[in-house]
Amino acid sequence: MNSRLYELRDYLFYAFKDHKANCDPARYEERIVMFIDVLGFKSLIDSTLDEDIENQLNISKLVGCFNKALEDIFDVSHRNYVQFSQFSDSFVISHVVFDKEDVDSLFQAYTMVFLIAKLIIRSFLQQEILVRGGICQGKVFHREGYLLFGPAMNKAYLLESTRAKYPRIIVSKEIIKNITAKLGPIPNDTLNEIGVPLSLDDDGEVFLDYMNEFPRTLLNNFPRNSPSLVEKYDWLS
């Protein structure tokens, strides 16, 4: 892990200590919520019922993807302020917002979530699996292994299910407004320098543009057995 991530992790750790003292666990928290959907998950699951050895390996592939993503996430972030939940073909990661009025603290939290998104994309791409998702900020109750609900959860789900459409993780208008107020318009050189490239797509959505960091040959072996999948791969190419 490079020095930039160590600094970011430590900054957020000490901010969390101050936040935790004032946080009632029975209340909503202000959090950044990322909802991720694994594309083609149904086909992968259906294939695991086949006794063919190659298809049975898909179970190991899926478990490996989730495990690798979790290892990477908790390597770059302190365990206390990141929550993770997985259910079927979806998973949710949320990160506490310590002080939404503190621009620097807010920006540090955004950066951490974006870097986590990059790690997730990489983990699944290496197994020839695509994901899409949405990131927003708002009120949510999220306790790993327990409960997950709230307006921000609903909003992140709607971003993924109604607006993401392609294999991309889009960012809410509210978050983009906060980022541009600090750094200027998107795309932005400052974000690119710290490894968080945001791009403005043709439909007006801002998304995390990490695909240029991965070899295009990764896409060559992906299945294209339905019109919806073809549309998604065409967007990538």
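Whatever comes next refers back to the structure up there.
Report on the accompanying structure. (Residues numbered from 1 in each chain as written. Predicted model: local features only at pLDDT ≥ 70, side-chain atom pairs only at ≥ 80, totals over all residues. Heavy atoms only, no water.)

## A closer look at the packing of aromatic side chains
Tallying each qualifying case throughout the model produces seven aromatic pairs. On the basis of an interplanar angle of 15 degrees and a centroid distance of 5.4 Å, the ring pair of F141 and F149 is categorised as stacked. In this structure F141 comes out as buried when scored by relative accessible area, which is 9%. Look at F149 and you get partly exposed, because its relative accessible area is 38%. Put simply, the rings of Y28, F141 and F149 pair up and form one aromatic cluster. The positively charged end of R143 is found above the aromatic ring belonging to F141, 4.6 Å away from the centroid. (Phe/Tyr/Trp six-rings, centres within 6.5 Å; stacked < 30°, edge-to-face > 60°. Buried < 20%, exposed > 50% of the residue type's maximum accessible area, 1.4 Å probe, protein only. Lys NZ or Arg CZ within 6 Å of the ring centre and 35° of its normal.)

## Quick notes on the environment of P167
Along the chain, the position of P167 falls in the loop between α5 (151-164) and β6 (169-171). For P167, a relative accessible area of 7% gives the class buried. Each C-alpha atom of the pair P167 and V131 lies 5.5 Å from the other, and the pair is 36 residues apart in sequence. (Helix = DSSP H or I, 4+ residues; strand = E, 2+ residues; numbered from the N terminus.)

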